[in-house]
Amino acid sequence: MNNDAPPADVGLIGLAVMGRNLALNIADHGYQVAAYNRTASVTDEFVSDNPPEVFGDTGGGLVPCSTLEGFIAALKTPRIIIVLVKAGPAVDTVCNALIDAGLSPDDIVIDGGNSLWTDTIRREKDYRGRLIFFGSGVSGGEVGARFGPSLMPGGDENAWTRLKPIWESISAKVDPDTGKPMENASPGKPVSGGEPCTTYIGPNGAGHYVKMVHNGIEYADMQLICEAYQILRTSCGMTPVEIGDVFSTWNEGDLDSYLMEITADILKQGDPTTGKPIVDVILDAAGMKGTGTWTAINALNLAVPAATITEAVFARGMSALKDERVKASKILAGPEGIPGGGSNDQPSGDAGEQFIATVHDALYCAKICAYAQGFQLMSAAQVEYDWKFNFGEIARIWRGGCIIRARFLQKITEAYQRAPNLDNLLLDDYFRARIEAAQSGWRQVVAHAALSGIPTPAFASALAYYDSYRTETLPANLLQAMRDFFGAHTYERVDEERGKVFHLDWSGDRSEAEMS
Ligand code: NBP
């Protein structure tokens, strides 16, 4: 540690991709950041790569620390320490090492990693009296961390009061008039003004929970874009560059989003080695790190029909079965005997343009459903886990910095501002009208894909979600009868109060009795 350095305002442990970029962002905002990494050479290299000039005249800078004792001594008290290490046991290793190195009970330790929210609930309790454990979702990847992420803080509210000025200064900013992200930050020159993309989410694991659902929605959003690409490629015979051009146009309208923007860019990129479109040389086997799966598991646990999010996780799993799929593609016939599906009847000219418009509508409608499911899941979770979410605020802080940032989120913010207790986003007047106007294209695309043998699990599941949600009588009456038949699980009657349950003596005289 440099003994001449003034005490640091905030500490950062873990200088991999996220930690180093967040440290630079914090320093850009005029803070002195004590930086520590388990492997000390990483700290030295990081600090020597980022001399004080990097931070211009902001007054911010880095204070390298080679031991945790030195790190603790470098920080103003009560301390604020951000931990950005690999999610899982490493977070506890760091907390315990900090306690052993002399941390005080009123020091805040913020876990900014993708930790499982139940771990955050446990840690918040476990470390009470030794340190104040606080969880915060950080979204936006490397660039977001550097120039403005979306931050989803959860934990003790007094701790939030201390953290708030830093979190508000380093988060992404949105233009309050347009609702669009302000993206003109550069090293040493942070964005000034604008609405910060952070707000207090709730106690204990609430911030990490909302970040998890954000990632679940991100899975669905990405899968839907991929399905739109697959349909245009297979059914219209369009090249990646042509589809990239279409996506660039869509990015100027309703579907304006970071993911749409980067997809258009990716589709126009050639492979530096072969010159082919890069997308054609990347193996179609998706990876995942767990947050989508956690969202799906939580939706299943709470019986919330977040089907499009869950399908997006399954779609990655299916993609990873590459070798099996290659074999199956030579064995299993699609419609009209086309192996692996696909259509020979490609629309062109006006018909082609019209078809592209239907794919746009399908993507837009399905995307609304994916978001509706994410918000429905959070709505169930707040009851189950005793939180009180402000959904308008959650949509608001997702408008900038994070991976799912999109024009569309402004509309979600407005929907929840109009009706904070909205049962489902689909019931909001704006979204209801938009789906009403676009659903015909959505239905055509799903039908076309089914008839052509093109897999569209997310498009189709979103449509099933929409149709199920708007159906007054589902065949669950028949299902309940079956459950009562084989397991005496009882049923409710349409002509009795909810909560009264009945059983029919299916194997006896078929009389009905009210059960207690
Ligand atoms: P990684 O998740 O790759 O973790 C690497 C860092 O953890 C290194 O600094 C490493 O130190 C440190 N570390 C490990 Br591993 N075990 C440790 C231990 N027992 N004690 C102390 N330090 C330990 O880094 P990342 O990609 O920057 O991500 C950080 C967190 O942010 C993760 O939770 C991640 O899920 C989350 N996140 C990542 C992204 C992204 O785009 N990468 C986006 C949003 C959130 P070492 O140098 O000594 O090995």
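Residues numbered from 1 in each chain as written. Predicted model: local features only at pLDDT ≥ 70, side-chain atom pairs only at ≥ 80, totals over all residues. Heavy atoms only, no water.

Draft legend 1. Layout of the site of the ligand. Around the ligand, the surrounding shell holds 19 residues, and the nearest of these are Met18, Asn37, Arg38, Thr39 and Asn114. Side-chain polar atom of Arg38 to an oxygen atom of the ligand: 2.9 Å apart, as the coordinates give it. Coverage of the ligand by the protein amounts to 74% of the 900 Å² it exposes when considered alone. When contributions to the shell around the ligand are tallied by element, the ones reaching two or more residues are α1 (17-28) and α4 (89-100). Top element by residues in the shell around the ligand is α4. It accounts for three residues. Residues of the shell around the ligand, tallied by class, amount to 10 nonpolar, seven polar and two charged. (Near = heavy atom within 4 Å. Polar contact = N/O pair within 3.5 Å; in protein donor to acceptor, adjacent residues only side chain to side chain. Areas by Shrake-Rupley, 256 points an atom, 1.4 Å probe, with all protein chains shown as cover. Helix = DSSP H or I, 4+ residues; strand = E, 2+ residues; numbered from the N terminus. Nonpolar A, V, L, I, M, F, W, Y, C, P; charged D, E, K, R; others polar.)

Draft legend 2. Here's a closer look at helix α18 (residues 429-452). For α18, spanning 24 residues, the distance from its first C-alpha to its last is 34 Å, which sits close to the expected 34 Å at 1.5 Å a residue. Largest kink in α18: about 50 degrees, centred on Ala438. Residues of α18 that are buried in the fold lie against α8 (206-236), α15 (349-384), α17 (408-418) and α19 (457-469). In the stretch just after α18, Gly453 is the one whose phi turns positive, near 75 degrees. (Expected span 1.5 Å × (residues − 1). Bend = angle between axes of the 7 residues up to and from the residue. Contact = heavy atoms within 4.5 Å.)

Draft legend 3. Quick look at the packing of α15 against α17. Contact geometry of α15 with α17 gives a least axis separation of 12 Å together with a crossing angle of 50 degrees. The orientation of α15 with respect to α17, classified from their angle, is oblique. In the crossing of α15 with α17, the sense of the turn from one axis to the other is right-handed. Here Tyr364, Lys367, Ile368, Tyr371 and Phe375 of α15 come into contact with α17, specifically with Phe408, Leu409, Ile412 and Tyr416. In the contact of α15 with α17, the residues fall into eight nonpolar, no polar and one charged. (Axes fitted to C-alpha atoms, helices over the stretch in contact; angles between N-to-C directions. Parallel < 35°, antiparallel > 145°, perpendicular 65-115°, else oblique. Left-handed = near helix turned anticlockwise from the far one by under 90°.)

Draft legend 4. Structural detail: the pairing of strand β5 (residues 108-111). Side chains Ile108 and Ile110 project from β5 onto one buried face, and the interleaved Val109 and Asp111 project onto a second face that is buried too. Following the backbone out of strand β4 (residues 80-83), through α4 and into the adjacent parallel β5, one traces a crossover that is right-handed. As judged from the four bridges shared by β5 and strand β6 (residues 132-139), these two strands associate in the parallel manner. Within β6, the position partnered with Ile110 by the bridge is Phe134. You can see the chain leave β5, run along helix α5 (residues 117-126) and come back into β6, and the turn it takes is right-handed. (Buried < 20%, exposed > 50% of the residue type's maximum accessible area, 1.4 Å probe, protein only. Right-handed = clockwise from strand over helix to strand, strands pointing away. Pairing = 2+ DSSP bridges.)

Draft legend 5. Up close: the packing of α15 against α18. Where α15 meets α18, the closest approach of the two axes is 7 Å, and the angle between their N-to-C directions is 120 degrees. Here α15 lies oblique to α18, going by the angle between them. The chirality of how α15 crosses α18 is left-handed. Between α15, through Phe355, Thr358, Val359, Asp361, Ala362, Tyr364, Cys365, Ala366, Ile368 and Cys369, and α18, the contact on the second element is made entirely by Tyr430, Phe431, Arg434, Ile435, Ala438, Gln439, Gly441, Trp442, Gln444, Val445 and His448.

Draft legend 6. Looking closely at the domain arrangement of the protein chain. Each domain of the protein chain was delimited in the assignment, giving domain 1 (10-204), domain 2 (209-469) and domain 3 (476-515). In this structure, domain 2 and domain 3 have C-alpha centres spaced 39 Å apart. (Domains from an automatic or database assignment.)

Draft legend 7. Here's a closer look at a nonpolar patch on the surface. On the surface, a nonpolar cluster with roughly 570 Å² of combined accessible area is contributed by Leu478, Leu479, Met482, Phe485 and Phe486. Relative to the elements of secondary structure, Met482 occurs in helix α20 (residues 476-487). (Patch = residues over 30% accessible without salt bridge, like charges linked within 9 Å, V, L, I, M, F, W, Y side chains within 5 Å. Salt bridge = Lys/Arg side-chain N within 4 Å of Asp/Glu carboxyl O.)

Draft legend 8. Representation of the pattern of salt bridges. One pass over the structure, following the stated rule, counts 29 salt bridges. Salt-bridge contacts for Lys322 lead to Asp284; the nearest nitrogen and oxygen are separated by 2.7 Å. Here Lys322 is found in helix α14 (residues 322-329), whereas its partner Asp284 is found in the loop between α11 (278-281) and α12 (291-301), with 38 residues between them in sequence. The exposure class of Lys322 is partly exposed, given its relative accessible area of 23%. Judged by its relative accessible area of 38%, Asp284 falls in the partly exposed class. The network of salt bridges with common partners includes Asp92, Asp111, Arg122, Arg123 and Asp126.

Draft legend 9. Layout of the environment of Arg498. By the element assignment, Arg498 lies in the loop between α20 and β11 (501-504). Polar side-chain contacts of Arg498 include one of 3.0 Å to the side chain of Glu492.

Draft legend 10. The sheet that holds β6, seen in detail. Taking strand neighbours across the sheet as the criterion, the seven strands line up as β3-β2-β1-β4-β5-β6-β7 in an open arrangement whose pairing is mixed. Either end of the sheet is taken by a strand with one partner, and the two such strands are β3 (61-64) and β7 (150-154). The mean angle between the axes of side-by-side strands here comes to 25 degrees, regardless of whether they run parallel or antiparallel. Across four bridges, the pairing between strand β1 (residues 10-13) and strand β2 (residues 32-36) is parallel. Paired with Gly11 across the bridge in β2 is Ala34. Where helix α2 (residues 40-49) meets the sheet, it contacts β2 and β3, and its direction lies at approximately 150 degrees from that of β3.

Draft legend 11. How the structure looks around the packing of aromatic side chains. Overall, the coordinates contain 24 aromatic pairs when judged by the stated rule. Judged by centre distance (5.8 Å) and plane angle (75 degrees), the ring pair of Trp117 and Trp387 falls under edge-to-face. Pair noted here: Trp117 is in helix α5 and Trp387 is in the loop between α15 and α16 (391-397), with a separation of 270 residues, a long-range link. Looking at Trp387, the relative accessible area reads 5%, which means it is buried. The aromatic ring of Tyr219 is capped on one face by Arg316, whose charged end is 3.6 Å from the ring centroid. Above the plane of the ring of Tyr258 lies Arg405, whose end atom (NZ or CZ) is 4.1 Å from the centre. (Phe/Tyr/Trp six-rings, centres within 6.5 Å; stacked < 30°, edge-to-face > 60°. Lys NZ or Arg CZ within 6 Å of the ring centre and 35° of its normal.)

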